[in-house]
Amino acid sequence: MAVTKELVGHLGWLSRINLTDEELERNTAQIEEIIKYLDKLDSIALSQAEPITTKKDFSELRDDNPQEFGSDPFRAAPRKDGYVKGPRMT
Amino acid sequence: MQLYRLDSAQVAAGIRNRDFSAEEYVQQLLERIEKVEPKVNAFITVTGGLALERARWLDRRIKDGEQVGPLAGVAVSIKDNICVNGTKTTCASKMLDNFVPPYDATVVKTLFDAGAILIGKTNLDEFAMGSTTEFSRKGATRNPWDIARVPGGSSGGSAASVAALECALSLGSDTGGSVRCPASFCSVVGLKPTYGLVSRYGLISYANSLEQIGPFGRTVADVSAMLNAIAGHDERDHTTAGGKQHYTSGSDKPLRIGIVKEFTEGADPDVSKIVYSSAEKLEGIGCKCDQVTCSSVEYALASYYTIATAEASSNLARYDNMRYGFEMTPEGYEWNSYFAKARSNFGEEVKRRIILGSYVLSSGYYGKYYLKAQQVRSVLRKDFASLFKQYDALIGPTMPILPFKIGEKLDDPLKMYLVDVDTVVANLTGMPAISVPAGFVGNLPVGLQIMADNFQEQTILDAASMLEKSAGIQRSPDL
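Residues numbered from 1 in each chain as written. Chains lettered and ligands numbered in written order. Predicted model: local features only at pLDDT ≥ 70, side-chain atom pairs only at ≥ 80, totals over all residues. Heavy atoms only, no water.

As for the overall build of chain A
What chain A contains, in helices and strands, is 2 helices and 2 strands. The order of α-helices and β-strands along chain A, N terminus first, is α-α-β-β. Taking 90 residues into account, the globule formula puts the C-alpha radius of gyration at 12 Å, and chain A, at 22 Å, lies well above it. Taken along the three principal axes of its C-alpha coordinates, chain A extends 55 × 45 × 25 Å. (Helix = DSSP H or I, 4+ residues; strand = E, 2+ residues; numbered from the N terminus. Rg over C-alpha atoms; globule rule 2.2 N^0.38 Å.)

Here it is, written out as structure tokens:
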């Protein structure tokens, strides 16, 4: 995937971030440069390497005991009838 | 007496022995903060009222002969991406402008249990993404040694607050060097513990397979005292692994030390000179220093920025302005357009990293970037494990360059990323690493980075305190 303005704009959309034309202009060139640097990963021998993983046994997880917070964590959110008010779905 | 100059052990002893009161000490610090903050801008929130209240409570307890903790009365600042119940925690971002956590991070609770007093929340790069604290939406923090220069980042406020004598200890977080970098640039001690030694419960996530909360202090003893308080298994963070010991700072046992060639050769010659002279000082007290090589470190930075941006793009998906955020009514927006507009309030660096993360995780490209980056981590782990069979510790410069001018690297993100080249390895492998002041070039600080195998923090503290004793580097500028 060549790093084009369209691609950056699309990735912005997928991440739900509006980018202005000016930002698209600036970021495309910078992101292209950074991706070129990350392409370094192509030049190391990795055939023998297993990716890092950690496994956790289900039995090691703690019990699911809910605890109340002392205060309202969403105090900033707009409310209606006790519910947090969100944008309209279309 | 200038109480703000005391280190944590001196403060704790002085308050316990009633040489001075906690209230007097906190009062002096608040005056100091008022005096130097216009130059340094280390704090986002100063919790003066709460600090004095707590100080008075402690003084009463001591007067009544009650038990107090080992850090009783010591003033601590905490990076503003660590949750403190009832105190605004903003991550230096618009997206958390109004966020008041309803709980304390585990590390905060352990510090309070130890008797520490929170004096304020410190400045950082937005969501901990950056190496200079310039990406903060609350203005840049300035290096107390030269206020035209950066203090490092992302925990720049934490390091600067300790260097500028605004508090004795601080907590930061280190994802790719964010504790060690500002420690080096500000001439203080900063430690990134082994991944899993310290609970991340309450640390607002940026890249959760890489980050650890780490202590700052003006001395190695400060850092080990803080580590003793915050380290340990936590039920609420299943990535904590135990491995805690009681940490001291003072063993003279000679160590076998490797100087990592790739780090010294990649650094400014003035910086490398100081690394070699530190090695000489350590040899002078009985350590054995050899040059070592590890060719896989060349790929560490690419691996880091792949993984960190990927994890960031996922971890920051939660900021939809619905649960926490800023004033923006949903009236007039439909579902997607609301979120897209709200999230355009991220700073530019954050947006850039989210987009990079989306790119490296995208279908068809996951194998080329993210998977390879995770494989590089296991190559690095294997290579360092075999080095640690022959050496107790590995050293090099913390930063390849001296603290640079504010604004100098803002237009070139890749140049900015390259300053992390020495620090990211420890985050990728999980191993502990410290930055300890090693010297100056002119008036600009240089830190020595010391790395050791997993859960060998004691070795690092020993090496760091040996250097500290023999080098006698100045810890706080005249401000």
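Here the narrative resumes.
Some points on the overall build of chain B
Along the backbone of chain B there are 16 helices and 11 strands. Against the globule reference of 23 Å for 479 residues, chain B gives a C-alpha radius of gyration of 21 Å, in line with a compact fold. Each principal axis of the C-alpha atoms in chain B carries an extent, and together these give about 65 × 60 × 45 Å. Expressed as a percentage of the 479 residues in chain B, the buried residues total 68%. If you take every contact in chain B between residues at least 6 apart in sequence, the share linking residues at least 24 apart comes to 76%. When the accessible surface of chain B is split by element, carbon and sulfur atoms take 49% of a total near 15,200 Å². (Buried < 20%, exposed > 50% of the residue type's maximum accessible area, 1.4 Å probe, protein only. Contact = heavy atoms within 4.5 Å. Areas by Shrake-Rupley, 256 points an atom, 1.4 Å probe, with all protein chains shown as cover.)

Let's talk about the interface of chain B and chain A
Contacts between chain B and chain A engage 59 residues on the former and 52 residues on the latter. In this assembly, chain B packs against chain A so that about 5,400 Å² is buried in total across both faces, 65% of it on carbon and sulfur atoms. Counting every contact that joins chain B to chain A gives 7 salt bridges. The salt bridge partner of B:K368 is A:D42, with a shortest N-O separation of 2.7 Å. Linking chain B with chain A are 20 residue pairs in polar contact (both at pLDDT 80 or more), by the criterion used here. When contributions to the side of chain B that touches chain A are tallied by element, the ones reaching two or more residues are α10 (300-315), α11 (335-343), α12 (348-361), α13 (370-390) and α14 (413-418) of chain B. Among the elements that line the side of chain B that touches chain A, the one with the most residues is α13(B), at 10 residues. Considering only residue class, the side of chain B that touches chain A consists of 31 nonpolar, 11 polar and 17 charged. (Buried area = accessible area lost by both parts, 1.4 Å probe. Salt bridge = Lys/Arg side-chain N within 4 Å of Asp/Glu carboxyl O. Polar contact = N/O pair within 3.5 Å; in protein donor to acceptor, adjacent residues only side chain to side chain. Nonpolar A, V, L, I, M, F, W, Y, C, P; charged D, E, K, R; others polar.)

Thoughts on the side chain of B:T459
Residues and elements named next belong to chain B. Within the secondary structure, T459 sits in helix α16 (residues 457-471). You can call T459 buried: its relative accessible area is 17%. Setting aside chain neighbours within four positions, we find T459 in contact with L255, D392 and A452.

Structural notes on the nonpolar core
All names here are of chain B. Counting 102 residues, the largest nonpolar core has Y25, L111 and I450 as the members making the most contacts within it. The leading source of residues in this core is helix α2 (residues 22-40), at 8 residues. The residues contacting Y25, other than those within four sequence positions of it, are L3, V11, I15, F20, G73, V74, A75 and A168. (Core = buried A, V, L, I, M, F, W, Y, C linked by side-chain atoms within 4.5 Å.)

Some points on the sheet that holds strand β2 (residues 75-79) of chain B
Residues and elements named next belong to chain B. Strand order in the open sheet formed by 11 strands is β1-β3-β2-β4-β6-β5-β10-β11-β9-β7-β8, and the pairing between neighbours is mixed. Where the open sheet ends on each side, the last strands, each with one partner, are β1 (43-46) and β8 (288-292). Put simply, the sheet's adjacent strands are angled 30° from each other on average, direction ignored. For strand β4 (residues 169-174) and strand β6 (residues 212-217), the ladder comprises 6 bridges, and the chain directions are antiparallel. Opposite L171, over in β6, you have P215 as the bridge partner. Contacts from α2 reach β1, β2 and β3 (117-122) within the one sheet, and its direction differs from that of β3 by about 15°. (Pairing = 2+ DSSP bridges. Axes fitted to C-alpha atoms, helices over the stretch in contact; angles between N-to-C directions.)

Topic: the packing of helix α9 (residues 269-284) of chain B against α16(B)
Residues and elements named next belong to chain B. Contact pair α9 / α16: the axes reach a minimum separation of 10 Å and the direction vectors enclose 95°. Comparing their axes, α16 and α9 come out roughly perpendicular. Note on element contacts: α16 touches α9 through A463, M466, L467, S470 and A471, opposite S278, K281 and L282. Classifying every residue of the contact of α9 with α16 gives 5 nonpolar, 2 polar and 1 charged. (Parallel < 35°, antiparallel > 145°, perpendicular 65-115°, else oblique.)

A closer look at the packing of aromatic side chains
On inspection of all chains with the given rule, the structure shows 20 aromatic pairs over all chains. Ring geometry for A:F69 against B:Y103: centres 5.7 Å apart, planes inclined by 20°, an arrangement best described as stacked. Of the two residues, A:F69 sits in the loop between α2 (21-38) and β1 (79-80) while B:Y103 sits in the loop between β2 and α4 (106-113), which places them in two different chains. A:F69 gets classed as partly exposed once you look at its relative accessible area, which sits at 41%. What makes B:Y103 partly exposed here is its relative accessible area of 21%. Site record: aromatic cluster; members linked through ring pairs are B:F99, B:F127, B:Y319, B:Y324 and B:F346. (Phe/Tyr/Trp six-rings, centres within 6.5 Å; stacked < 30°, edge-to-face > 60°.)

Comments concerning the pairing of strand β11 (residues 444-451) of chain B
Residues and elements named next belong to chain B. Here β11 lies mainly inside the structure; 8 of its 8 residues are buried. Residues of β11 alternate between two faces, with L444, V446, L448 and I450 on one and P445, G447, Q449 and M451 on the opposite face, all of them buried. The pairing of strand β9 (residues 393-397) with β11 spans 4 bridges and is classified as antiparallel. By the bridge assignment for β11, I395 is matched with I450.

Thoughts on the pairing of strand β5 (residues 189-192) of chain B
Residues and elements named next belong to chain B. Going residue by residue along β5, you find V189 and L191 tucked away on one face and G190 and K192 tucked away on the opposite face as well. Relative to β6, β5 runs antiparallel, the two sharing 2 bridges. When the sheet's bridge partners are listed, V189 is paired in β6 with G217.

Topic: the pattern of salt bridges
The full count for this structure, using the stated rule, is 26 salt bridges over all chains. Several salt bridges converge on common partners, so that one network encompasses A:E22, A:R26, B:E348, B:E349, B:R352 and B:R353.

A word on α10(B)
Helix length check: α10(B) (16 residues) gives 22 Å between terminal C-alpha atoms against 22 Å at 1.5 Å per residue, within 8%. Judged by how many residues are buried, α10(B) sits mostly within the fold: 15 of 16 residues are covered. (Expected span 1.5 Å × (residues − 1).)

Regarding the environment of B:S386
Residues and elements named next belong to chain B. Mapping S386 onto the fold places it in helix α13. Accessibility expressed as a relative area gives 36% for S386, which makes it partly exposed. A C-alpha to C-alpha distance of 38 Å links S386 and G442, two positions 56 residues apart in sequence.

Focus: unusual backbone geometry
Phi is mostly negative for residues that are not glycine, and the peptide bonds are mostly trans. All names here are of chain B. Between G153 and S154 the backbone carries a cis peptide bond, its omega angle lying at 10°. Within the secondary structure, S154 is located in the loop between β3 and α5 (156-163). Although it is not a glycine, N41 sits at a positive phi angle of roughly 55°. Its identity as a non-glycine residue notwithstanding, F127 has a phi of 55°, on the positive side. For F127, the location among the structural elements is in the loop between β3 and α5. On the basis of relative accessibility, which here comes to 2%, the residue F127 falls in the buried class.

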